[in-house]
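Spelled out, the chains give:
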Amino acid sequence: MSKKILFINQEILPYVPESEMATMGADLPQKVQEEGFEIRTFMPKWGNINERRGQLHEVIRLSGMNLVIDETDHPLIIKVASIPTTRIQVYFIDNDDYFMKRQMATDEDGNEYQDNGQRAIFFARGVLETVKKLRWTPDIIHCQGWMASVVPLFIKKAYNDEPTFANTKVVTSLFNDKLNNSMGVNFKQWLSFKDITPELFPNYPDEFSFSDLQKLAIDYSDGVVEAGDSIDSTYIQHAQGQNIPVVGYQGKDYIKAYKQLYKQVCPDKE
């Protein structure tokens, strides 16, 4: 039986401008599918995505749930489209407050959104709740980009008792993108959900930096990938210090090393 891999991507071509991460967001799921894996792919429905050109449409049966963050209800909207060149299906996480009429990490003037931390939390929980509704059980979740950085935490500490994710392993790809502002002064509190409380992070400051967010993702991952060249060595040392397998930068010929990592973190059943 082929393994199931869930890709949670911050950026995917052709829906957002070209970047190293957006290119990988499109190429990796396709190559993994060609290797015989079963896949699902998610990304945020950023406000700069042209829904008509991308042929996005809402999936009513998956939409309608409210996610509570900072004691406020935020309706979850799910849209779907297929990448024309590959027919890879992409699910989009949308919400009027966090994504509609807004750009990606920064506004039109280049200023980072003050609620980027909340947006990442909403995105992570939105993806995981939708996967539950799909009744699809991933063997591995591969996270790409800061927007997916809290997924490993939620998998290991909030959704670990869910049949859908009880045995799921998590791989995090590190890129050279960076946020300058913090995730917000109440980020620890915003993370609170099920067994996740601020007391779970005694070694982290109340105001998470981008570096803290990256290290949090590594803490709860089963494998780490240097997806960009010249990744900050402190992240690699952080992973190695916890004996987490790390795949170094592979350039364009990465699929063999990634497959080996998938097999290492999630061995074939006897």
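Preceding block: the structure.
Treat the numbers as computed from the prediction; the structure is a model and nothing was measured.

Draft legend 1. Broad picture of the overall build of the chain. Of regular secondary structure, the chain possesses eight helices and 11 strands. Relative to the 2.2 N^0.38 estimate, which gives 18 Å for 270 residues, the radius of gyration of the chain is 17 Å and therefore close to what a compact globule would have. Reported as C-alpha extents along the three principal axes, the dimensions of the chain are approximately 45 × 45 × 40 Å. Per-residue burial for the chain yields a buried fraction of 54% across its 270 residues. Restricting to contacts in the chain with at least 6 residues of sequence separation, those with at least 24 account for 68%. Where the 29 positive side-chain charges of the chain centre and where its 38 negative ones centre are 7 Å apart.

Draft legend 2. Focus on the pairing of strand β5 (residues 72-75). Relative to β5, strand β4 (residues 66-69) is paired through four bridges, and the arrangement is antiparallel. Considered in β5, the bridge of Ile 69 is made with Thr 72. Once β4 ends, the chain turns through two residues before running back antiparallel as β5, passing Asp 70 with a positive phi of about 55 degrees.

Draft legend 3. Highlighting the packing of helix α1 (residues 20-34) against helix α8 (residues 255-265). Here α1 crosses α8 at 70 degrees, and the two axes come no closer than 11 Å. Taken together, the axes of α1 and α8 lie roughly perpendicular to each other. By crossing handedness, the relation of α1 to α8 is classed as right-handed. On the side of α1, the interface is formed by Met 24, Leu 28, Lys 31 and Val 32, while α8 contributes Ile 255, Tyr 258 and Tyr 262.

Draft legend 4. Broad picture of the nonpolar core. If you look at the biggest cluster of nonpolar residues, it comprises 97 residues, and the most contacted ones within it are Tyr 15, Phe 154, Leu 191 and Tyr 262. When residues of this core are assigned to their parent elements, the largest contribution, nine residues, is made by helix α3 (residues 116-134). Those residues in contact with Leu 191, other than ones at most four positions away along the chain, are Ile 121, Val 150, Leu 153, Phe 154, Ile 196, Phe 201 and Leu 216.

Draft legend 5. Highlighting the packing of aromatic side chains. Inspection of the entire model under this criterion finds 13 aromatic pairs. Where Phe 154 meets Phe 193, the ring centres are 6.2 Å apart and the plane angle is 80 degrees; that geometry is what we call edge-to-face. One end of the pair, Phe 154, is in helix α4 (residues 151-157); the other, Phe 193, is in the loop between α5 (187-190) and α6 (210-219), with 39 residues separating them in the sequence. Exposure class is identical for Phe 154 and Phe 193. Each is buried. Aromatic rings pair up to connect Trp 46, Tyr 98, Phe 99 and Phe 122 into one cluster. The positively charged end of Arg 102 is found above the aromatic ring belonging to Tyr 113, 4.3 Å away from the centroid. When the ring centre of Tyr 159 is taken as origin, the NZ or CZ atom of Lys 194, which lies over that ring, is 5.0 Å away.

Thresholds, definitions, all that
- Along each chain, numbering runs from 1 in the same order as the chain's sequence is written.
- Whole-chain, interface and lining totals are the exception, using all residues; otherwise, since this is a predicted model, local features are given only for residues with pLDDT of at least 70 and side-chain atom pairs are given and counted only at 80 or more.
- Only hydrogens and water are removed before side-chain values are computed, so all heavy atoms of the structure are retained for them.
- The secondary structure listing takes helices from DSSP runs of H or I that are at least 4 residues long and strands from runs of E that are at least 2 residues long, numbered from the N terminus.
- Radius of gyration: C-alpha atoms only; globule rule: 2.2 Å multiplied by the number of residues to the exponent 0.38.
- For every residue, the accessible area (1.4 Å probe, protein chains only) is compared with the maximum for its type, and the residue is labelled buried under 20%, exposed over 50%, or partly exposed between those bounds.
- The contact criterion used throughout is that any non-hydrogen atoms of two residues lie within 4.5 Å.
- Counting rule for charge: Lys and Arg are taken as positive, Asp and Glu as negative, and neither His nor the chain ends is counted.
- Positions of charges follow a simple convention, taking NZ of Lys, CZ of Arg, CG of Asp or CD of Glu.
- For two strands to pair, DSSP has to find at least two bridges joining them.
- Inter-axis angles, ranging from 0 to 180 degrees, are taken between N-to-C directions of lines fitted to C-alpha atoms, where helices are fitted over the stretch in contact.
- With respect to orientation, any angle under 35 degrees is reported as roughly parallel, any angle over 145 as roughly antiparallel, any angle of 65 to 115 as roughly perpendicular, and every other angle as oblique.
- By definition, any crossing whose near helix is turned counterclockwise from its far helix by less than a right angle is left-handed, and any crossing with a clockwise turn is right-handed.
- Each nonpolar core is a collection of buried residues, namely Ala, Val, Leu, Ile, Met, Phe, Trp, Tyr and Cys, held together in the definition by side-chain atoms within 4.5 Å.
- Between 30 and 60 degrees the pair is tilted, below 30 it is stacked and above 60 it is edge-to-face, where a pair is any two Phe, Tyr or Trp rings, Trp via its six-membered ring, whose centres lie within 6.5 Å.
- Counted as over-ring charges are cases with an Arg CZ or a Lys NZ within 6 Å of the ring centre that also lie within 35 degrees of the ring normal.

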